[in-house]
Number of protein chains: 2
Amino acid sequence: MPKDANFTLVQLRYFLAAAELGSMTAAAQRINVSQSAISTAVTHLERELGVQLLIRRHAKGLSLTRAGERFLHELRGFLTHADDLTEAARSLGTDLVGELAVGCFQTLAPFCLPQLLREFGRAHPAVRVQVTEGDIRTVQDALRGGTCELALLYDLGLDPDLDREVLAVAPPYALVPPEHRLAGAGAVRLADLAEDPMIVLDLPLSRDYFRSLALKAGIEPRVRHRSTSYETVRALVAAGHGFAILNQRPVHDTTYDGGRAVALRLTDPLPALPVVLARLSGVRPTGRAQAFAAVCREAMGA
Amino acid sequence: MPKDANFTLVQLRYFLAAAELGSMTAAAQRINVSQSAISTAVTHLERELGVQLLIRRHAKGLSLTRAGERFLHELRGFLTHADDLTEAARSLGTDLVGELAVGCFQTLAPFCLPQLLREFGRAHPAVRVQVTEGDIRTVQDALRGGTCELALLYDLGLDPDLDREVLAVAPPYALVPPEHRLAGAGAVRLADLAEDPMIVLDLPLSRDYFRSLALKAGIEPRVRHRSTSYETVRALVAAGHGFAILNQRPVHDTTYDGGRAVALRLTDPLPALPVVLARLSGVRPTGRAQAFAAVCREAMGA
DNA sequence: CTCCCCCATCACTTTTGCCGATGCAGGCGA
DNA sequence: TCGCCTGCATCGGCAAAAGTGATGGGGGAG
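In this text, all values refer to a predicted model and were calculated from it rather than measured experimentally. (Residues numbered from 1 in each chain as written. Chains lettered and ligands numbered in written order. Predicted model: local features only at pLDDT ≥ 70, side-chain atom pairs only at ≥ 80, totals over all residues. Heavy atoms only, no water.)

J.: It is not clear to me how helix α6 (residues 136-145) of chain B should be interpreted in this structure. Could you clarify?
T.: One turn of an α-helix holds 3.6 residues; hence residues three or four places apart share an orientation. Residues and elements named next belong to chain B. Most of α6 sits inside the fold, with 7 of its 10 residues counted as buried. Of all the positions in α6, only I136, V139, Q140, A142, L143, R144 and G145 are classed as buried. For α6, the N-terminal cap is D135; the gap from its side-chain oxygen to the backbone nitrogen of R137 is 3.0 Å. G146 sits one or two positions beyond α6 and adopts a positive phi of about 85°. (Buried < 20%, exposed > 50% of the residue type's maximum accessible area, 1.4 Å probe, protein only. Helix = DSSP H or I, 4+ residues; strand = E, 2+ residues; numbered from the N terminus. Polar contact = N/O pair within 3.5 Å; in protein donor to acceptor, adjacent residues only side chain to side chain.)

J.: Just to check I follow, could you spell out the packing of aromatic side chains for this structure?
T.: The geometry of an aromatic ring pair is captured by the separation of the ring centres together with the interplanar angle, meaning the angle of the planes. Residue and element names in this part refer to chain A. If you walk through the whole model with that rule in mind, you get 11 aromatic pairs over all chains. Measuring from centroid to centroid gives 5.8 Å for F111 and Y230, while their planes differ by 80°, and the two rings are edge-to-face. Highlighted residues: F111 in helix α5 (residues 109-123) and Y230 in helix α8 (residues 230-238), separated in sequence by 119 residues. Exposure remark for Y230: the relative accessible area of 12% places this residue in the buried category. Positioned over the ring face of Y173 is R249, at 4.5 Å from the centre of the ring. (Phe/Tyr/Trp six-rings, centres within 6.5 Å; stacked < 30°, edge-to-face > 60°. Lys NZ or Arg CZ within 6 Å of the ring centre and 35° of its normal.)

J.: Just to check I follow, could you spell out the environment of A:L273 for this structure?
T.: All names here are of chain A. Mapped onto the elements, L273 comes out in strand β13 (residues 273-280). For L273, a relative accessible area of 5% corresponds to the buried category. With 257 residues separating them along the chain, L273 and L16 place their C-alpha atoms 61 Å apart. Those residues in contact with L273 that lie beyond four places of it in its chain are Y154, L156, A168, V169, A170, Y209 and N247. (Contact = heavy atoms within 4.5 Å.)

J.: Which parts of the structure should I look at to understand the sheet that holds strand β9 (residues 197-201) of chain A?
T.: Within a sheet, neighbouring strands are paired by backbone hydrogen bonds and run either parallel or antiparallel to one another. All names here are of chain A. One open sheet holds the 6 strands; their spatial order is β8-β12-β7-β11-β9-β10, and the pairing between them is mixed. Looking at which strands have only one partner, the edges of the open sheet turn out to be β8 (187-188) and β10 (222-227). Packing against the sheet, helix α7 (residues 206-216) makes contact with β9, β10 and β11 (243-246), and its axis sits at approximately 145° to β9. (Pairing = 2+ DSSP bridges. Axes fitted to C-alpha atoms, helices over the stretch in contact; angles between N-to-C directions.)

J.: Looking at this structure, I do not really get the interface of chain B and chain A. What am I missing?
T.: Taken together, the 47 residues of chain B in the interface contact 47 residues of chain A. Contact between chain B and chain A buries roughly 4500 Å² in total, counting both sides, with carbon and sulfur atoms accounting for 62%. Considering only the side of chain B, the residues that lose the most area to chain A are B:R66, B:L85 and B:R90, jointly responsible for 16% of the buried surface there. Where chain B meets chain A, there are 2 salt bridges. For the pair chain B and chain A, the number of links is 12 residue pairs in polar contact (both at pLDDT 80 or more). If you list the elements that add at least two residues to the side of chain B that touches chain A, you get α1 (9-21), α3 (35-49), β2 (62-64), α4 (66-94), β3 (98-105), β4 (127-134) and α6 of chain B. (Buried area = accessible area lost by both parts, 1.4 Å probe. Salt bridge = Lys/Arg side-chain N within 4 Å of Asp/Glu carboxyl O.)

J.: Could you clarify how one ought to interpret the domain arrangement of chain A in this entry?
T.: The figure often quoted for interface size is the accessible area lost as the parts come together. The domain architecture assigned to chain A consists of domain 1 (9-94), domain 2 (98-169 + 274-301) and domain 3 (172-271). One C-alpha centre belongs to domain 1 of chain A, the other to domain 3 of chain A, and the line joining them spans 72 Å. (Domains from an automatic or database assignment.)

J.: Sorry if this is basic, but what is going on with the sheet that holds strand β13 (residues 273-280) of chain B here?
T.: Residue and element names in this part refer to chain B. On the basis of which strands lie adjacent, the open sheet formed by 5 strands has the order β4-β3-β5-β13-β6 and mixed pairing. Strand pairing shows two members of the sheet lacking a second neighbour, β4 and β6 (162-170), which therefore form its edges. On average, adjacent strands in this sheet sit at an angle of 20° to one another, irrespective of strand direction. Two elements, β3 and strand β5 (residues 150-154), share 3 bridges in a ladder whose sense is parallel. For G103, the partnering residue across the bridge sits in β5 and is A151.

J.: Would you explain the protein's contact with DNA strand D in this entry?
T.: Not every one of the 21 residues close to DNA strand D is listed here, only the nearest: A:T25, A:S39, A:R56, B:S34 and B:S36. Near the protein, within 4 Å, the atoms of DNA strand D are sugar or phosphate in 67% of cases. In the model, a sugar or linking oxygen of DNA strand D is placed 3.2 Å from a nitrogen or oxygen of the A:H58 main chain. In this structure, a phosphate oxygen belonging to DNA strand D sits 2.4 Å away from a main-chain N or O atom of B:S34. Partitioned by chemical class, the residues of the surface near DNA strand D number 7 nonpolar, 12 polar and 2 charged. (Near = heavy atom within 4 Å. Nonpolar A, V, L, I, M, F, W, Y, C, P; charged D, E, K, R; others polar.)

J.: Sorry, what's going on with the relation of the copies chain B and chain A here?
T.: Between the two copies of the chain lies a relationship made up of a rotation around an axis and a movement along it. The two copies are related by a screw motion: chain B maps onto chain A through a turn of 180° and a shift of 0.1 Å along the axis, at an RMSD of 0.1 Å. Those values place the two copies in the arrangement expected of a two-fold rotation axis. The share of interface residues of chain B whose copies in chain A are also at the interface is 100%, consistent with both copies meeting through the same surface. (Least-squares fit on C-alpha atoms with pLDDT ≥ 70 in both.)

J.: Would you mind showing me how to read the pattern of salt bridges here?
T.: Close approach of charged atoms allows side chains of opposite charge to pair. Throughout the structure, instances matching the rule amount to 26 salt bridges over all chains. A:D202 is paired through a salt bridge with A:R207; the nearest N and O atoms lie 2.8 Å apart. Since its relative accessible area comes to 17%, A:D202 is described here as buried. Residue classification places A:R207 among the partly exposed positions, given a relative accessible area of 32%. For B:D202, the salt bridge identified is with B:R226, shortest N-O distance 3.5 Å. Note that B:D202 is positioned in the loop between β9 (197-201) and α7 (206-216) and B:R226 in strand β10 (residues 222-227), a separation of 24 residues in sequence. A single network of salt bridges, built from pairs that share partners, joins A:D202, A:R207 and A:R226.

This is the structure we're talking about:
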C-alpha cells in the first residue's frame, strides 16, 4: 500500500533538467550542483516511484524510457502548477489584487468609510474590500480570528496585542435639544449639565467611556435612556429627553424623524478619543493592507 | 525577483494538516512527528512564501488569515495534483494499462506477432502495444534508446548488456525449388548443395549467420543473389535461381508469385537459432513488460 | 488565582544532501 | 587493438536541515 509520495520538488527539478538536457553532468552544471547530487536524486526518485525513468548509456548520456517520457510530460504540468502556487501565495501577500477584509466600528462607519472606500478604490481598483461592522469587541475578535486584517476603531480598551496607529482624534461634545437653556451657548462645561438626564450610547466599551468622561468632569450622570443606535440617541436628545455625549459629528443637525439637536463644545479638559487603525501585532501585513493604511493616513490625517 | 519555490512538499502537508485541524499539536499527532517539527515547518513555509498564513492564538490554537484561507484552497488542488502525479508514475511501472512498446525482428514478425498480440490483447485489453520492426541492429538500438522495452529477436550477436530469455529454437533448413534433384529427399546435408548457387537473406547479422552455417558444414557457398526480403528469397528459390537457408517456415509452399519452394531438413549437426525475448539489463521492467513476457513464454514455449 | 492548553524556542541528535574523488564501462580516434 | 575521453555510480567526509524532547510564555477557563 503506497502511502504518500515521498519525493522532493528538488528531485523532480533535477530529473527534469537531466531529462531535458539528456545528461546529468549538464544538468548539474546548469543547476550549479555536483553531478553526484543529480545522480542520487534521480535514483531516489526512481526508487520512490518504483519506475525506471532514465536509461544510462555509459558514454552517451541519458535517454528516457517510455515511462520516463510520459512521466516527464506529466511533470512539466505539475511543476508549472507548483510555480503557480508559489506565485499565487506570494501575490496573496504582496499584490494589489485580490481582496482585503477590514473591520470598522459601527458608529465610525458612516462617517469615514464612504470616503476611504472611494479613495482606496480609485488608487487600487483591483482590490475588493470587504467590510465587517460591529462593536469594538466584535471587530477586535474578527481581527484576532483572521476574519479581517485591519480595523478602524476607537482606542477604547483595545488589547495591547493590537498594533494601533492614530489617524485622528475625536473630541467629545455635548448634544442638547434646541430648546435647551444652553443651546445657544456654543460651549459648556459638563458640570453645567449635571442635573440634566443623560442619554447614553450603549455599546460595550462606549458606555464606560461616556461615564468616565462625566466622572472626570466631576458629575454623576443621571442616565435616562440607553440605546445601541447612534441615530436613536440623537433622536431622543432632539425630542427633549436629555443630553448626550458623542464624538462623531454629522454635517447637519436634523434627525431621521425631523427633530434637531444642537452640538455644544465642551470646555472641560477632556481627552479626545483617538481614531485608530488597528492590526494584529506580529502578523505580517499584506501589501493590500499597507496600501489601505496609506489611504487612511492621507484621508484622515489631513 | 522570486527565483524558484524553495519550500517542500512536506512543509505543505504539515501546513495543510495544521490548518485543517486548527492545531499544530493535533497535526503533529496525526502525522506522527513532534509538534515542534510542525511549527518550524510552517514558519519556514510562511517565510519562504512571504505571507503569513496562520494566526497563533495562544490558548486557542490556530486560525487562518485571509491569505492562508485562499492559499489553503489552492493547496488542496496542488497536493491532489501531486498525488495524481505519483499515482500516474507508479502506474506507469506497474499497471496493466497504458502502452507497451516492443521491438521485433522483421522476419520473425509475421510468424509470431499475430498470435502474441491476439493473446496479449485478450489478457490485457487495456494495454496498447506498439511494435517496432526492423533488423537486429535497429531493434537493438531501439531497446538501448528506450524506444521499446522488449524485443523478439534471434540471438545473433546480441550485445551482452541485453538480458535474453530463449522462447524457442528455430533450426535452419534448406529451401530448394520443386524441380531440384533433391526436392523429394526430405532431408539433405549442406554438402549436397555445395555446388548449387545460394540465395542469401541479406540482413545485417543474418548474412554472417548463413555464411557461418555453410562454412561449418564444410562448403564455400556460391552466392548468386542477395535480398533483404524474406519473401523475395523464397520467390527466387522457387524460380530456380538457387537454394537458400532459412529458419522460419511458412505453413505453405507457395510464394507470392505463385511459385513453390520445398523445405528440406538439414542433417548436419548445426546449431538451431534461438528466438529470444530481449530486454535491456539493469532496467526495471514495467508490469506491462512482464505480462507480455509471460504471454510470450506461454505462447511460444508450448 | 491556578490549572491547563497551545505554540515558540532551545540544545541536541539524526537524517539528508552535497561535494570531491574515484571507479567503471562504453564510445571513439589513432 | 590500445589508450583516451566521456559520463554515470559510488564512497567517505562534512555541513545543513529536520526532527526530538524539554522548557517557557502567554492566555483562556474554572
